Each structure stands twice: as structure tokens, then as C-alpha cells.
Amino acid sequence: MIDSLLMEQFSKLREQGMMKIKEEKESGQKVVGMYCTYSPQELILAAGAYPVSLCGTKQEPIAAAEKVLPHNMCPLIKSSYGFAATDTCPFFNFSDLLVAETTCDGKKKMYELMAQYKPIHLLQLPQEQASPQSRELWFQEVQKLKERLEQEFNIEITSDKLRAAIKLVNRERRALRNLYDLNQHIPAPLTGLEILTVAHNRGFYPDKEKVITMLEELTTAVKDNLGQNDHQVGPRILLTGVPVGLGSEKVIKLVEELGGTVVCQENCTGYKPVDLLIDEDENKDPLEAIAEKYLAIACSCMSPNPGRYELLGRLAKEFKVDGVLDLTWIGCHTYNVESYSIKKYLDEQFSLPFMQVETDYSSSDTEQLRVRIEAFLEMIQA
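In this report, the structure presented in the accompanying data block is examined. (Residues numbered from 1 in each chain as written. Predicted model: local features only at pLDDT ≥ 70, side-chain atom pairs only at ≥ 80, totals over all residues. Heavy atoms only, no water.)

Focus: the overall build of the chain
Part 1 of the argument: Broken down by element type, the chain carries 17 helices and 8 strands.
Part 2 of the argument: Taking 21 Å as the expected radius of gyration for a compact globule of 382 residues, we find that the chain reaches 20 Å, a close match to that expectation.
Part 3 of the argument: The C-alpha extent of the chain, read off along each of the three principal axes, is 60 × 50 × 45 Å.
Part 4 of the argument: Counting the 382 residues in the chain, one finds 56% classified as buried.
Part 5 of the argument: Across the chain, contacts joining residues at least 24 apart in sequence account for 75% of those joining residues at least 6 apart.
Part 6 of the argument: For the chain, the distance from the average site of its 42 positive side-chain charges to the average site of its 56 negative ones is 2 Å. (Helix = DSSP H or I, 4+ residues; strand = E, 2+ residues; numbered from the N terminus. Rg over C-alpha atoms; globule rule 2.2 N^0.38 Å. Buried < 20%, exposed > 50% of the residue type's maximum accessible area, 1.4 Å probe, protein only. Contact = heavy atoms within 4.5 Å. Lys, Arg positive; Asp, Glu negative; His and termini not counted. Charge placed at Lys NZ, Arg CZ, Asp CG, Glu CD.)

Here it is in C-alpha cells:
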């Protein structure tokens, strides 16, 4: 639907990022792997290191992981561990330190096992966001990460370095948000798969200035062609729930093969991490500003989790969606339980059709999902 040359550039970013990091590692460049949007990448940048995404999104390493981990565990956890156990992810191999988080019981216990492969710094998340005690606990965790990075890389993370990193990552967030917001147009100029390709691959390229420039160029090109797209769209779908990456995109593919368009992805690999910016006020402690932003992320691991409801309601209106599809990975209990109240909220407040899909990374249930999703789209159009 959009300029194929620009999309090809984003498709190559992972490979290009791998080559760039490989070259710079030879001259001493430090790399920090991250598994979650709760990991404050501004601290990593301020330490002079490259932050790279490591969350497993592919089926292939899961068989190796299941030699150690339970078969009925979340595929994201198994895939992440499998890449480490099989040494098949170059970005994991490049990483000098891993930053992990206690977003669920399965992940935090898996990280205990992963520590045999790489040093890990574990961020202890509070279970709710509103209380002063939670905010203080989280600030201390961010402070500990700062101290760990300084110790590991023999560097001082100054306030000036933090402020510079905050401004840089905020610019990237704005660039991504500006691109995503183009899909508020009817018809949407970007498919869900195109959005996913951009969002997924940019996390592997270490030069954020280049990524920001590419995002801005793509946004301009898409904007210049608004209204010239005669693509006949079906239902406009808002995807919510668990993170999705290239390799675990089968539900998005099915929606769009069957005539729908995933116009917005609220999840951790979509709109959620770019919705809020870090306060750039020069009079504010930058470490405190970083802690505030990251704690406000509306993940189902938080109880209660009002931010997700607010964000979903806002995105449903802004993107003029016809229905909501809630994706849950098998074994992800917090998102699975929260699906009930999300459905109730969207029905009562917006009368939006809603469907939950519970699946894993394999293709074994593809045809069953096809039937369900096709019926959901037909119901919306009836």
C-alpha cells in the first residue's frame, strides 16, 4: 500500500543493525539487551551503550526451550529462552548485559535460568502504579539500574547525558506516533503488517538518528499520498493484548487476508510505549522523570490497570474502529483474565464488537482461527 522502496529499507534494518553492531563491538562498543517496554532505554543510551530488543517472537527456538521450560508456558517466554539456549540470536550474543523485569511469574523464573548465559539486571516492578510507595520503589529500581550500568561499563551517567537521551528517545516516540496516527485517515494508508514491520525492525538498529530520519521520511511519503489510495477496506480493527513481532503475526495476517485492516495496535509493540513522553523540564530530576514515564505504562501486570482502558477508549475513537480483537498468548494469565473486563468496558462505553483470541506461535490452529476471524468480520459488516 505504500512506497515499496521505503518499506524495503525498514525490512533491511535488522540485518543492517546486526552488521553495524558487529563492526562496532570489535572496537569496544557496549550493547544492552532488553526484554520489555519497562526497561528504560534512556539509561542505556546515557551509559554510551546500544539498547537492542531481544523479546522472542519466533516459533523455531521453542522446541529447545521446552527441554527446560514447561510446555504450557507462554510462547514469548519460551522463544526468548530458546534463543539464548541455542545461541541463534546475534543480538543476544552481542549483549554485554541483559535488562529484564518482573512483569510475570513465568518470565522472572525463566530469567533465573537465563542468567547462566549472560549477566542479568532484574528490575523489580511494583504491582500497582498509584501509591507513593510504588513510585518510590520504582525510582529506587531505576536508580539501581543506573548504578549497575555505571559499574559494568566504568562510566558516569550524568544528568546532562540523561537529558540528552530523554530528548532523543522522545523524538523517536513522536516520529513513531506521527506515523501510526496516519491510520486515523479513512481508508487507512498503512496495513497492520506494514506498521508491524516498521515497529519491529527499528528496535534492532542502534543509530536512533537514522531511524528517526527514516520514520519522518516514511510519514511524509505516506501523508503526501493520502486520498490517492483506492484500496477498498473492510472493518477497521484495533488490536490489543500481548506484544506481537515478526514471526508471531499470524492473527494480523489473517485479519488482513480476510478483508479487514488492523489500523492500530495498542500493545507493547505498538502504540502503548509511544503514547506517553518523558518530561523534558530542565528543572526536574531526569531520573525521576524517566521513572514516572515507565511506571505509567499500562500493562496487565499492574493491578488495577486503568491506563489500558483509557488508552483503548481513546484509540477506538481516534482511529474510528469497527471492532476490537484482543490477542492473548497461551499461558499469559494477566491478559487472559483482564480480557473479560476489557470486553465489558468496550461494550458499555462504545458498543464495540469484541473478540478474544488465545493462541501461540505455531501454525497448528491457523485454519481454526481463520474461521473465527472471518465470522467476526462478517458479523461487524452485517
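Having seen it, we continue.
Some details on the nonpolar core
Part 1 of the argument: M114, L149, L325, L327 and I373 are the most contacted members of the largest nonpolar core, which totals 84 residues.
Part 2 of the argument: I373 has contacts with V251, L254, V255, L258, L325 and M355, leaving out every residue within four places of it along the chain.
Part 3 of the argument: With 42 residues, the next largest nonpolar core counts L13, L45, V222 and L352 among its residues. (Core = buried A, V, L, I, M, F, W, Y, C linked by side-chain atoms within 4.5 Å.)

As for the environment of K293
Part 1 of the argument: Within the secondary structure, K293 is located in helix 14 (residues 286-295).
Part 2 of the argument: Taking the C-alpha atoms as reference, K293 lies 9.2 Å from P40; in sequence the two are 253 residues apart.
Part 3 of the argument: Sequence-distant contacts of K293, defined by excluding residues within four places in its chain, comprise R173, P273, L276, L277 and I278.

Examining the sheet that holds strand 6 (residues 261-265)
Part 1 of the argument: With parallel pairing, the 4 strands of this open sheet are ordered in space as 6-5-7-8. Where the open sheet ends on each side, the last strands, each with one partner, are strand 6 and strand 8 (354-359). Between one strand and the next, the sheet's axes are offset by a mean angle of 30°, whatever the strand orientation.
Part 2 of the argument: Relative to strand 8, strand 7 (residues 323-329) is paired through 6 bridges, and the arrangement is parallel. By the bridge assignment for strand 8, T328 is matched with E358.
Part 3 of the argument: Against the sheet, helix 16 (residues 333-350) makes contact with strand 5 (236-241), strand 7 and strand 8, and its axis sits at roughly 170° relative to strand 8, the strand it touches most. (Pairing = 2+ DSSP bridges. Axes fitted to C-alpha atoms, helices over the stretch in contact; angles between N-to-C directions.)

Comments concerning the sheet that holds strand 1 (residues 31-34)
Part 1 of the argument: Spatially, the 4 strands line up as an open sheet ordered 2-1-3-4, and their pairing is parallel. The open sheet has two edge strands with one neighbour each: strand 2 (50-53) and strand 4 (120-123). On average, each strand axis in the sheet is inclined to that of its neighbour by 25°, with strand direction left out of account.
Part 2 of the argument: As paired elements, strand 3 (residues 97-101) and strand 4 share 4 bridges and run parallel to each other. Bridge pairing links A100 to L122 in strand 4.
Part 3 of the argument: Across the sheet, helix 2 (residues 13-25) lies against strand 1 and strand 2, angled at about 140° from strand 2, the strand it touches most.
Part 4 of the argument: Where helix 7 (residues 105-114) meets the sheet, its contacts fall on strand 3 and strand 4, and the angle it forms with strand 3 comes to roughly 160°.

Purely spatial values, then, with no claim about function.
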